[in-house]
Amino acid sequence: MAATKKGLTTVAIYPDWCKGCGLCAAFCPKKVFEMDPVAGKARVVNEEECVNCGFCELHCPDFAIVLSPKNTDTDSSNNPTAKAKP
Amino acid sequence: MSEVTQLIHHYLRHNKKFPHMLCAGCGHGILLGSLIRSVHNAGLSKDEVVVISGIGCSGRLAVYVDFNTIHTTHGRALTFATGIKMANPELVVIVLMGDGDALSIGGNHLIHAARRNIGVNAIILNNEIYGMTGGQCSSTTPQDCFSMTTPFGQLEKSFDIVDMALASGANFVARTTAFHAQLTDEVIGQALANPGFNLIEFFSPCHTQYGRKNKYKNAIAMYQDLKSKTMDVDKYKALEESKREGVMPIGVFLKRDDPALETRYAGVRAKLQEAKQKKAEAAKAAQAKPAKAKEPKPDKGAKGKETKQDKGDKA
Ligand SMILES: Cc1ncc(C[n+]2csc(CCOP(=O)(O)OP(=O)(O)O)c2C)c(N)n1
Ligand code: SF4
Ligand code: SF4
Ligand code: SF4
Ligand SMILES: [Mg+2]
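From a predicted model like this one, the values you see are computed outputs, not experimental measurements.

Caption draft 1: View of the environment of Ile200 of chain B. All names here are of chain B. Counting through the fold element by element, Ile200 comes out in strand 6 (residues 198-203). Note: C-alpha distance between Ile200 and Phe253 (53 residues apart in sequence) is 9.9 Å. Contacts of Ile200, omitting those with residues within four sequence positions, involve Ala122, Ile123, Ile124, Phe172, Ala174, Thr176, Val187, Ile188 and Ala191.

Structure (structure tokens):
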């Protein structure tokens, strides 16, 4: 929650879990998300603008958003969602 | 922040179907995340925690988390919780109930659990409607609002859950909403550390069954509404009466640490046990002294009988 500088955060959406409610897109203060009308899901369009306020990750009702600091290990073996899938 | 979602995945049961069964934008999902983070932050292990739920969309949450869980019957979650806490006070008991669950069918259990001050953390997911069964009005559906069973508007007044909990004797009472995940984490954390009956009302938007009948364009509009109409309870109290209309206070309303029922019960047990032990010791001492008052009866063999008689003499 501490970092407030732009461009330091990776914002990832797991499309399989996103239900397209639009909360992230509606409330992100930096307009990082956009709703994809065809897929009916959110997508990240402005990652560089993210200030790591944490709102989206705490309020996604489907745990489909992951914020992580840039240039750290985002290897999928560290990613429990990837592990969870059959 | 980066660990937040990973953390949640750590506590989910991955043999269940995901994404979960809740509708898009349902506030119940946000509570589930908050609950997991709060338990984690409290440093509790999965095995120390029992999550008990009733029936309803809210009741489904217990199915998804990897604690000790019981998905009980509609309205009765608190009764199971009371039994579990009395039997094993070491466990941290969390009860998840819908508004119908907690206040309609289970209303009596709620007020008595609060009055007893049983050491249970009750979270009421208030979506102001019976979500699971098709949108019938509940006892928290606001007056004049629409539901499947009140097509001309609800005629009855609704319960204020916070007022009810305060009046019934709960130790800790808080209100939060799905728009306020951080506050929710905070109040669940406080509840987990507080003895006795702790109640949290969590406003949870249900667009599917409630919002769309009440002029909310989508789930987002319901969150927008929660954002704009809520106010910290301390600020709210400072407001003039006339300005309170339409404002919903959130935060901690009451926090005290009266000893919980199970603690008082343990106290009584300890006292009785102590008395019993003293009695036994006194009897032993009496036996050790040679009985002078009476000649021992001519031998009838049974030692136990003699002891009994001794006792009788003393009494
Ligand atoms: C004894 C009993 N009565 C009625 C029902 C039917 N029933 C299932 S869920 C429910 C209400 C759900 O509303 P709520 O408790 O507010 O939970 P929500 O779905 O809104 O989260 C009812 C009446 C039942 N399962 N058992
Ligand atoms: S909040 Fe979550 S589920 Fe809703 S649109 Fe965004 S990513 Fe998808
Ligand atoms: S952390 Fe804040 S700024 Fe970054 S994407 Fe999420 S809501 Fe937007
Ligand atoms: S019906 Fe309402 S309470 Fe039930 S899952 Fe859908 S939005 Fe949530
Ligand atoms: Mg309900």
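Caption draft 2: Structural detail: the pairing of strand 5 (residues 172-177) of chain B. Residues and elements named next belong to chain B. Extensive coverage of strand 5 is indicated by the burial of six of its six residues. Burial of the side chains of strand 5 extends over both faces: Phe172, Ala174 and Thr176 are buried on one face and Val173, Arg175 and Thr177 on the other. Bridging between strand 5 and strand 6 involves six bridges; their strand directions are parallel. Across the sheet, the residue bridging to Thr176 is Phe202, located in strand 6. Crossover handedness for the path strand 5 to helix 8 (residues 181-192) to strand 6: right-handed.

Caption draft 3: Representation of a nonpolar patch on the surface. On the surface, Met21, Ile55 and Met132 of chain B cluster together to form a nonpolar patch covering roughly 240 Å² of accessible area. Structurally, Ile55 of chain B can be placed in the loop between strand 1 (49-53) and helix 3 (61-64).

Caption draft 4: Seen up close, the side chain of His20 of chain B. Locating His20 of chain B in the fold gives a position in the loop between helix 1 (3-11) and helix 2 (27-41). On the accessibility criterion, His20 of chain B (4% relative accessible area) is buried. Engagement of the side chain of His20 of chain B in a polar contact is seen with the side chain of Asp62 of chain A, the distance being 3.3 Å. Each residue touching His20 of chain B, except ones within four places of it in the same chain, is listed here: Lys19, Pro61, Asp62 and Phe63 of chain A together with Gly29 and Tyr64 of chain B.

Caption draft 5: The arrangement of the coordination of the magnesium ion (ligand 5) in detail. Residue and element names in this part refer to chain B. Each protein donor to the magnesium ion (ligand 5) is listed here as Asp99 (OD), Asn127 (OD1) and Ile129 (O); together their distances run 2.0 to 2.1 Å. Sequence spacing of the donor residues for the magnesium ion (ligand 5), all on one chain, is D-x27-N-x1-I. One end of the pair, Asp99, is in helix 5 (residues 99-105); the other, Ile129, is in the loop between strand 4 (121-126) and helix 7 (161-168), with 30 residues separating them in the sequence. Side by side, Asp99 and Ile129 carry an identical accessibility label, which is buried.

Caption draft 6: A look at the confidence of the model for chain B. Residue and element names in this part refer to chain B. When the pLDDT values of chain B are averaged, the result is 93; 91% of them are 70 or greater. Within the model, pLDDT remains below 50 along residues 304-315, and this stretch shows six contacts once partners closer than five positions in the same chain are excluded. Taken together, the chains of this predicted complex give a pTM of 0.90 and an interface ipTM of 0.87.

Caption draft 7: Summary view of the packing of helix 2 of chain B against helix 8 of chain B. All names here are of chain B. Packing of helix 2 against helix 8 leaves a shortest axis separation of 9 Å and a crossing angle of 45°. The angle between the axes of helix 2 and helix 8 places the two elements in the oblique class. Here helix 2 and helix 8 pass one another in a crossing that is right-handed. Of the residues in helix 8, those in contact with Ile30, Leu31, Ser34, Leu35, Arg37, Ser38 and Val39 of helix 2 are Ala181, Thr184, Asp185, Ile188, Gly189 and Leu192. Of the residues that constitute the contact of helix 2 with helix 8, the class distribution is seven nonpolar, four polar and two charged.

Caption draft 8: View of the pattern of salt bridges. Within the structure shown, the criterion is met by 16 salt bridges over all chains. Measuring nitrogen to oxygen at the nearest pair gives 3.4 Å for the salt bridge that ties Asp225 of chain B to Lys229 of chain B. In this pair, Asp225 of chain B and Lys229 of chain B are both assigned in helix 9 (residues 219-229), four residues apart and thus about one turn of the helix distant. By relative accessible area, which is 25% here, Lys229 of chain B ends up partly exposed. Through salt bridges with shared partners, a single network forms among Glu34, Asp36 and Arg43 of chain A.

Caption draft 9: Highlighting the site of ligand 4. Taken together, the neighbourhood of ligand 4 is formed by Leu22, Cys23, Cys26, His28, Cys57, Asn127, Gly131, Cys206, Thr208 and Gln209 of chain B. Class assignment for the residues of the shell around ligand 4 results in five nonpolar, five polar and no charged.

Caption draft 10: Structural view of unusual backbone geometry. A cis amide bond, omega 0°, links Phe18 of chain B with the succeeding residue Pro19 of chain B. Looking at where Pro19 of chain B falls in the secondary structure, it is placed in the loop between helix 1 and helix 2. Phi at Lys31 of chain A takes a positive value of approximately 50°, unusual for a residue other than glycine. When you line up the elements, Lys31 of chain A lands in the loop between helix 1 (23-27) and strand 2 (33-36). With a phi close to 60°, Asn117 of chain B is a non-glycine residue in the positive phi region. Tracing the backbone through its elements, the reader meets Asn117 of chain B in the loop between helix 6 (107-116) and strand 4.

Caption draft 11: Fine view of the interface of chain A and chain B. With 27 residues of chain A in contact, the opposing surface of chain B contributes 32 residues. A combined buried area of about 2600 Å² lies between chain A and chain B, and 71% of that area is made up of carbon and sulfur atoms. Taken together, the connections running from chain A to chain B amount to eight residue pairs in polar contact (both at pLDDT 80 or more). When contributions to the side of chain A that touches chain B are tallied by element, the ones reaching two or more residues are helix 1, helix 2 (55-59), strand 4 (65-69) and helix 3 (80-84) of chain A.

Thresholds, definitions, all that
Residues numbered from 1 in each chain as written. Chains lettered and ligands numbered in written order. Predicted model: local features only at pLDDT ≥ 70, side-chain atom pairs only at ≥ 80, totals over all residues. Heavy atoms only, no water. Helix = DSSP H or I, 4+ residues; strand = E, 2+ residues; numbered from the N terminus. Contact = heavy atoms within 4.5 Å. Buried < 20%, exposed > 50% of the residue type's maximum accessible area, 1.4 Å probe, protein only. Pairing = 2+ DSSP bridges. Right-handed = clockwise from strand over helix to strand, strands pointing away. Patch = residues over 30% accessible without salt bridge, like charges linked within 9 Å, V, L, I, M, F, W, Y side chains within 5 Å. Areas by Shrake-Rupley, 256 points an atom, 1.4 Å probe, with all protein chains shown as cover. Salt bridge = Lys/Arg side-chain N within 4 Å of Asp/Glu carboxyl O. Polar contact = N/O pair within 3.5 Å; in protein donor to acceptor, adjacent residues only side chain to side chain. Donors = N, O, S within 2.8 Å, 3.2 Å for Na, K, Ca; no water. pLDDT = per-residue confidence, 0-100. Axes fitted to C-alpha atoms, helices over the stretch in contact; angles between N-to-C directions. Parallel < 35°, antiparallel > 145°, perpendicular 65-115°, else oblique. Left-handed = near helix turned anticlockwise from the far one by under 90°. Nonpolar A, V, L, I, M, F, W, Y, C, P; charged D, E, K, R; others polar. Near = heavy atom within 4 Å. Buried area = accessible area lost by both parts, 1.4 Å probe.

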